Amino acid sequence: MEHRPVRLRFPIGLVLNGFTACFVPMAMKGSKVKLTRRQAVRLFREIKRCKKRFPDLKIVEVESEDGEYIEIRL
């Protein structure tokens, strides 16, 4: 059975915005790193700026022993 690549594309403005930033402090409960909503908004803004400067920036690239390949781009 041949595997075909699955590409999931999400508009960055839909995923990283002020509304989703309010969930970041709750999601990071129990983590060593603490982010406030304001810090999350600022982080999201910087990620959006990086997306404009480096449109195909690879964030993660992993290949497993069985040949599975995962790549996450900005």
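The preceding data block contains the structure.
Residues numbered from 1 in each chain as written. Predicted model: local features only at pLDDT ≥ 70, side-chain atom pairs only at ≥ 80, totals over all residues. Heavy atoms only, no water.

Peer 1: Tell me what's going on with the environment of P25, and back it up with residues and numbers.
Peer 2: The residue P25 is located in helix α3 (residues 24-27) in this model. For P25 and K48, which are 23 residues apart along the polypeptide, the C-alpha to C-alpha distance reads 20 Å. Ignoring sequence-local partners within four residues, the contact set of P25 consists of L35, T36 and R37. (Helix = DSSP H or I, 4+ residues; strand = E, 2+ residues; numbered from the N terminus. Contact = heavy atoms within 4.5 Å.)

Peer 1: Give a description of the packing of aromatic side chains that names residues and reports values.
Peer 2: Enumeration according to the criterion identifies 1 aromatic pair in this entry. Summarising the aromatic geometry, the rings of F19 and F23 are spaced 5.2 Å apart at their centres and angled 85 degrees between planes, so their arrangement reads as edge-to-face. Given a relative accessible area of 39%, F23 falls into the partly exposed group. (Phe/Tyr/Trp six-rings, centres within 6.5 Å; stacked < 30°, edge-to-face > 60°. Buried < 20%, exposed > 50% of the residue type's maximum accessible area, 1.4 Å probe, protein only.)

Peer 1: An account of the pattern of salt bridges is needed here, citing residue identities and associated values.
Peer 2: On inspection of all chains with the given rule, the structure shows 4 salt bridges. A salt bridge links K58 to E71; its shortest N-O distance comes to 3.5 Å. Taken together, the residues K58 in strand β1 (residues 58-63) and E71 in strand β2 (residues 69-73) connect sequence positions 13 residues apart. On the basis of relative accessible area, K58 is assigned to the partly exposed category, the value being 40%. Linking E71 and R73 is a salt bridge whose minimum nitrogen-to-oxygen distance equals 2.5 Å. Within this structure, K58, E61, E71 and R73 form a network of salt bridges that share partners. (Salt bridge = Lys/Arg side-chain N within 4 Å of Asp/Glu carboxyl O.)

Peer 1: For the environment of F44, give the residues involved together with the corresponding values.
Peer 2: As for its placement among the helices and strands, F44 is situated in helix α4 (residues 37-53). According to the relative accessible area criterion, F44 is buried, its value standing at 11%. A C-alpha to C-alpha distance of 17 Å links F44 and R9, two positions 35 residues apart in sequence. In this view, F44 contacts L16, N17, T20, A21 and V24; residues no more than four positions away in its chain are not counted.

Don't take any of this as a statement about function, it's just geometry.
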